Amino acid sequence: MNRETLCVRGTWRFDSATGAVSVPVYQSAAFRHPGVGETTGFDYSRSANPTRSILEETVALLEGARYGLAFSSGMGAVSAMIKLFPPPSSGGVSHLVMSGDLYGGTYRLFHEYYARYGYAFSWVDTSDLSQVEAALGPSTRAIFIETPSNPMMKVTDIGACAELIHRRGGSLVVDNTFLTPYFQNPLDRGADFVIHSGTKYLSGHNDTLAGFIVHSREDAAVPLREAQKSEGACLSPFDSWLTLRGIKTLALRMEKHQRNGALAAEWLRNHPQVERVFYTGLADHPQAALSAAQARGHNGMVSFYVRDRALVDRILRRVKLILFAESLGGAESLITFPLVQTHGAIPEDLRLAAGVNDRLLRLSAGIEDGADIIADLDQALG
Ligand SMILES: *Cc1c(COP(=O)(O)O)cnc(C)c1O
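Residues numbered from 1 in each chain as written. Predicted model: local features only at pLDDT ≥ 70, side-chain atom pairs only at ≥ 80, totals over all residues. Heavy atoms only, no water.

Trainee: Lay out the packing of helix 2 (residues 50-63) against helix 9 (residues 237-248) with the relevant residues and their values.
Mentor: Where helix 2 contacts helix 9, the two axes come as close as 8 Å, and the packing angle between them is 35 degrees. Crossing handedness for the pair helix 2 and helix 9: left-handed. On helix 9, the residues that touch T51, R52, I54, L55, T58, V59 and L62 of helix 2 are P237, S240, W241, T243, L244 and I247. (Axes fitted to C-alpha atoms, helices over the stretch in contact; angles between N-to-C directions. Helix = DSSP H or I, 4+ residues; strand = E, 2+ residues; numbered from the N terminus. Left-handed = near helix turned anticlockwise from the far one by under 90°. Contact = heavy atoms within 4.5 Å.)

Laid out in structure tokens, this is it:
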């Protein structure tokens, strides 16, 4: 089936007892056992919940994966993921090579938290393969990339990274939040694990947090399921239902986000107060050819430098339709100031090296009328 159909229908057909077309919300913590040693397949919702299971199967199906796990947030998924690479019990460290330009929360979780537990990280520009290769060492267990990256929209070669790390027996993890399975399937290009913040495009309405790990690695199936069950960062039945509902319109929304993103990027590029625009869909994006080779489209994410620092405050105060808020991928257009909001946790040298300065703004073009978004940018830039 075509991916548009898969988004709408997923793995669900209808409820066999009632004929309900929509997946029921099994808002139950516990499930009755018919007798000792007997189970319906569900015991307790931290282990598994029927609504969540349908969602997990759906996201796995969209990514072409065998296994899917839904977490209470993207960070819950990232946190479970890293424990698949434990430091050796004999001492020493587990080393991971990371995209230097990535979600600030992931940086904070790894750098300020997991660094205390025997993990070491190298933060490099993974869009430059020579930097990735140079960072690999004897204790490297994984490469962890975001492509396109956040907020500079750099594109990393998924297939090449997979080859580099597989040669050393390690794993490639790809955070696919920015393109979703509708536009990009990292597992098809050799990645071992895909992560999503379902809070963004997958649920798509700025109304729930969710996170996913999807993969087809038999050796990881039990450890990841155990991590989800043991740590308890699992997605609630209702949030699972909201995310399932969001995914039904993923194809329509991504096409519209892409149109509005391209429109905003072109308009901003021609504005005299804008110095530079970062959007993967611009024909002169430095990795346009790589994007075309490994992805089927672009999102609504447009970052840009304004010429003057004072303009940042003016724009954020003056936007009316576009909301000054720190998320992305929802129906409503949002604008953020990465330096303060999403990337505040990243040290200045690393942040500046990545390009996150005090004149950078990041627009998440929603699915409103494109002309209305442009009109709002126009009056805000003044
Ligand atoms: C938001 C985001 C996360 C974290 O997800 P939450 O759902 O906010 O916990 C991780 N990666 C990327 C690329 C994100 O945009």
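After presenting the structure, the write-up continues.
Trainee: Account for the packing of aromatic side chains, naming residues and giving values.
Mentor: Overall, the coordinates contain 15 aromatic pairs when judged by the stated rule. A ring pair is formed by Y107 and W123, whose centres lie 4.5 Å apart and whose planes are at 55 degrees; its orientation type is tilted. In this pair, Y107 sits in helix 4 (residues 104-113) while W123 sits in strand 3 (residues 119-124), placing the two residues 16 residues apart along the sequence. By the burial criterion, Y107 is buried, and W123 matches it. Taking the centre distance of 5.7 Å and the plane angle of 80 degrees together, the rings of Y114 and Y119 count as edge-to-face. Y114 gets classed as buried once you look at its relative accessible area, which sits at 6%. Residue classification places Y119 among the buried positions, given a relative accessible area of 7%. Joined through ring pairs, the aromatic side chains of Y107, F110, Y113, Y114, Y117, Y119, F121, W123 and F144 make up one cluster. One cation-aromatic arrangement involves K200 over Y103; the distance from NZ or CZ to the ring centre is 4.9 Å. The aromatic ring of Y305 is capped on one face by R359, whose charged end is 5.6 Å from the ring centroid. (Phe/Tyr/Trp six-rings, centres within 6.5 Å; stacked < 30°, edge-to-face > 60°. Buried < 20%, exposed > 50% of the residue type's maximum accessible area, 1.4 Å probe, protein only. Lys NZ or Arg CZ within 6 Å of the ring centre and 35° of its normal.)

Trainee: Quick one: what's the story with the side chain of H285, residue by residue and with numbers?
Mentor: Take H285: it is sitting in the loop between strand 8 (274-278) and helix 11 (288-294). Of the residues examined, H285 reaches a relative accessible area of 10% and is grouped as buried. In this structure the side chain of H285 is engaged in a polar contact, spanning 3.0 Å, whose partner is the backbone nitrogen of Q287. (Polar contact = N/O pair within 3.5 Å; in protein donor to acceptor, adjacent residues only side chain to side chain.)

Trainee: Help me get a handle on the site of the ligand, residues and values and all.
Mentor: Neighbouring the ligand are 13 residues, the closest being G74, D175, S197, T199 and K200. The contact in question runs from an oxygen atom of the ligand to an N or O atom on the backbone of G74, over 2.8 Å. Contact between the ligand and M75: an oxygen atom at 2.9 Å from a main-chain N or O atom of the residue. Relative to its free-state accessible area of 380 Å², the ligand is covered by the protein chains to the extent of 95%. Among the residues forming the shell around the ligand, the class breakdown is five nonpolar, five polar and three charged. (Near = heavy atom within 4 Å. Areas by Shrake-Rupley, 256 points an atom, 1.4 Å probe, with all protein chains shown as cover. Nonpolar A, V, L, I, M, F, W, Y, C, P; charged D, E, K, R; others polar.)

Trainee: I'd love a proper account of the sheet that holds strand 11 (residues 334-336), names of residues and values included.
Mentor: Taken together, the five strands give an open sheet; going across it, the order is 8-9-12-11-10, and neighbouring strands pair in mixed fashion. Each of the sheet's edge strands pairs with one partner strand only, and the pair in question is strand 8 and strand 10 (323-324). The sheet contact formed by strand 9 (residues 301-306) and strand 12 (residues 360-364) spans five bridges and is antiparallel. Looking across to strand 12, one finds that V302 is bridged to L363. (Pairing = 2+ DSSP bridges.)

Trainee: How would you explain helix 4 if you had to name every residue and give the values?
Mentor: All buried positions along helix 4 are accounted for by G104, G105, T106, Y107, L109 and F110. Considering only its buried residues, helix 4 is in contact with helix 3 (74-82), strand 2 (94-99), strand 3, strand 4 (140-146) and helix 13 (348-354).

Trainee: I'd like a description of the environment of F42, backed by residues and values.
Mentor: With respect to the helices, strands and loops of the structure, F42 is situated in the loop between helix 1 (3-9) and helix 2. Sequence separation of F42 and G204 is 162 residues, and the distance between their C-alpha atoms is 29 Å. Among all residues touching F42, those that are not within four sequence positions of it are F31, H33, A48, N49, P50 and S53.

The analysis is restricted to geometry; functional conclusions fall outside its scope.
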